[in-house]
Amino acid sequence: MNAIANDTPDNATPAPAEGQAAQPAADARPPRQTGGRNGGQSDGRNGGERRPQRAAPNERPAGQAPARHHPVLDQLAALYPVLFGAEFLPLKRGIFEDLLAAHPDVLQKDSLKAALALHARSSRYLTVVASGLQRHDLAGQPVEALTPEQVHHALIEVFRRRGARSPEDLRPKLRQRILKAYEASGLSPDDYVQRVLGKDEEVNQLTRDALAEASARAAREDALLRAFEASGKSISEFADMYGLHILDANRSLERARARQAAKA
């Protein structure tokens, strides 16, 4: 499933992301580590001196105006600063119709559609979707949850864009973010995999690795909970006995209890 297309507000015509032709998030390559010092490329002059790597087309240096900006977005930011202002929030499905109904004399159908398409494909909006926040209505109230696959594919797209301008291998960080998204989904590993896997096998493998790590950690925490309940010791004594920080021990035990409660 294409995260960007599915998170575009209803009836919004797809548009390229920040001046670049959009690529399906589910099929996007994971961030790779680029070769060369400082991520540069040699131009064969000055004794092999490296030229700075140019920014990816869909990104821009700090302080530079965006490649594409729609004036209706400024109107929306003024009307709904909680949704479109300095911070974004995921938008409910049907927000397009809601906006037209609320401002029939201010907003035009075609321009609003184009503006919302750009908004939904921006890196800032995708980052908020990747965080897993709920969708919000015009009043700024949470009204519905994002699906696990929408969160997952937005996360992949965000890291793909970051990787395009970074010499760092971001895959370990991406794997940890996928792990957290999976745990927040409340799904079983099999259900999560069925929902999120796409055509890109490298992305799929990162997902499988994250789920394997989550399963191994859950097994350790479940064993820790059994040991704690059998020990008869306080949490402080138990943490000290196992060489754990008390906060880490408590978090592990709470996660294990939550899993037990969910299975009950």
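Student: I keep staring at helix α7 (residues 148-163) and nothing clicks. Help me out?
Tutor: Within an α-helix, residues lying three or four positions from one another point in the same direction, as the helix has 3.6 residues per turn. Its 16 residues give α7 an end-to-end C-alpha distance of 22 Å, which sits within 8% of 22 Å, the value for a rise of 1.5 Å per residue. Extensive coverage of α7 is indicated by the burial of 15 of its 16 residues.

Student: Any chance you could explain the nonpolar core here in plain terms?
Tutor: Side chains that are nonpolar tend, in soluble globular proteins, to be buried together. Formed by 43 residues in total, the largest nonpolar core has its most connected members in L76, L99, L112, L116 and Y192. Take this core: its biggest share by element is six residues, from α7. Listed in part, the six residues of the second largest apolar core include L224, L225, L253 and A256.

Student: Explain the confidence of the model for the protein to me, please; I cannot follow it from the model alone.
Tutor: One rule of thumb: low pLDDT means the predicted coordinates there are not for detailed reading. Residue-level pLDDT values for the protein average 81, and 74% of them are 70 or greater. Considering only residues more than four positions removed or in separate chains, one finds that residues 1-6, a stretch of pLDDT under 50, has 20 contacts. Residue range residues 10-28 is modelled with pLDDT below 50. Its contacts to residues more than four positions away, or to other chains, number 60 contacts.

Student: What should I look at first to understand the packing of α7 against helix α9 (residues 189-196) in this one?
Tutor: To characterise two packed helices, one gives the angle between the axes of the helices and the distance between these axes. α9 packs onto α7 with a crossing angle of 60° between their chain directions and a minimal axis gap of 9 Å. Like other packed secondary-structure pairs, α7 and α9 cross with a definite hand, here right-handed. Contacts between α7 and α9 involve P148, E149, H152 and H153 from the former and Y192, R195 and V196 from the latter. For the contact of α7 with α9, the residue count by class is three nonpolar, two polar and two charged.

Student: Even after reading the chapter, I still don't get helix α5 (residues 109-121), so can you show me in this structure?
Tutor: For α5, spanning 13 residues, the distance from its first C-alpha to its last is 19 Å, which sits close to the expected 18 Å at 1.5 Å a residue. Of all the residues in α5, the buried ones are L112, K113, A115, L116, A117, L118, H119, A120 and R121.

Student: Hey, could you run me through the side chain of H119 in this one?
Tutor: Secondary-structure assignment places H119 in helix α5. For H119, a relative accessible area of 3% puts it in the buried group.

Student: Is there a simple way to explain the pattern of salt bridges in this structure?
Tutor: It is possible for side chains of opposite charge to pair when their charged atoms get near one another. Under the counting rule described, the total for this entry stands at 16 salt bridges. As a salt-bridge pair, R217 and E221 come within 3.9 Å of each other at their nearest N and O atoms. Of this pair, R217 and E221 both sit in helix α10 (residues 201-231), four residues apart, which is roughly one turn of the helix. Residue classification places R217 among the partly exposed positions, given a relative accessible area of 23%. Here E221 falls in the buried class, since its relative accessible area comes to 4%. One salt bridge connects D222 with R259, and the closest N-O pair in it is separated by 3.2 Å. Here the residue D222 occupies a position in helix α10, and R259 occupies one in helix α12 (residues 246-263), the gap between them amounting to 37 residues. Salt bridges here are not isolated pairs; linked through shared partners, they connect E183, R217, E221, D222, R255 and R259.

Student: Can you walk me through the layout of surface pockets in this structure?
Tutor: One way to see where empty space is left: roll a probe the size of a water molecule over the atoms. Here the second largest pocket defines a volume of roughly 390 Å³. What lines the second largest pocket is a set of 15 residues, among which Y182, E183, L187, A218 and R259 lie closest to the centre. At the level of elements, α8 (171-185), α10 and α12 are the ones that each hand at least two residues to the lining of the second largest pocket. Broken down by element, the lining of the second largest pocket gets its largest block of residues, five residues, from α12. Split into classes, the residues belonging to the lining of the second largest pocket amount to seven nonpolar, three polar and five charged.

Student: It is not clear to me how the environment of K233 should be interpreted in this structure. Could you clarify?
Tutor: Mapped onto the fold, K233 is located in the loop between α10 and α11 (235-241). Residues within four places of K233 in sequence aside, it is in contact with F228, F238 and M241.

So, how was this worked out
Residues numbered from 1 in each chain as written. Predicted model: local features only at pLDDT ≥ 70, side-chain atom pairs only at ≥ 80, totals over all residues. Heavy atoms only, no water. Helix = DSSP H or I, 4+ residues; strand = E, 2+ residues; numbered from the N terminus. Expected span 1.5 Å × (residues − 1). Buried < 20%, exposed > 50% of the residue type's maximum accessible area, 1.4 Å probe, protein only. Core = buried A, V, L, I, M, F, W, Y, C linked by side-chain atoms within 4.5 Å. pLDDT = per-residue confidence, 0-100. Contact = heavy atoms within 4.5 Å. Axes fitted to C-alpha atoms, helices over the stretch in contact; angles between N-to-C directions. Left-handed = near helix turned anticlockwise from the far one by under 90°. Nonpolar A, V, L, I, M, F, W, Y, C, P; charged D, E, K, R; others polar. Salt bridge = Lys/Arg side-chain N within 4 Å of Asp/Glu carboxyl O. 1 Å grid on protein atoms, 1.4 Å probe; cavity = no way out; pocket = protein on both sides within 12 Å on 5 of 7 lines; lining within 4 Å. Points joined across faces, edges and corners; volume = space filled by probe spheres on them.

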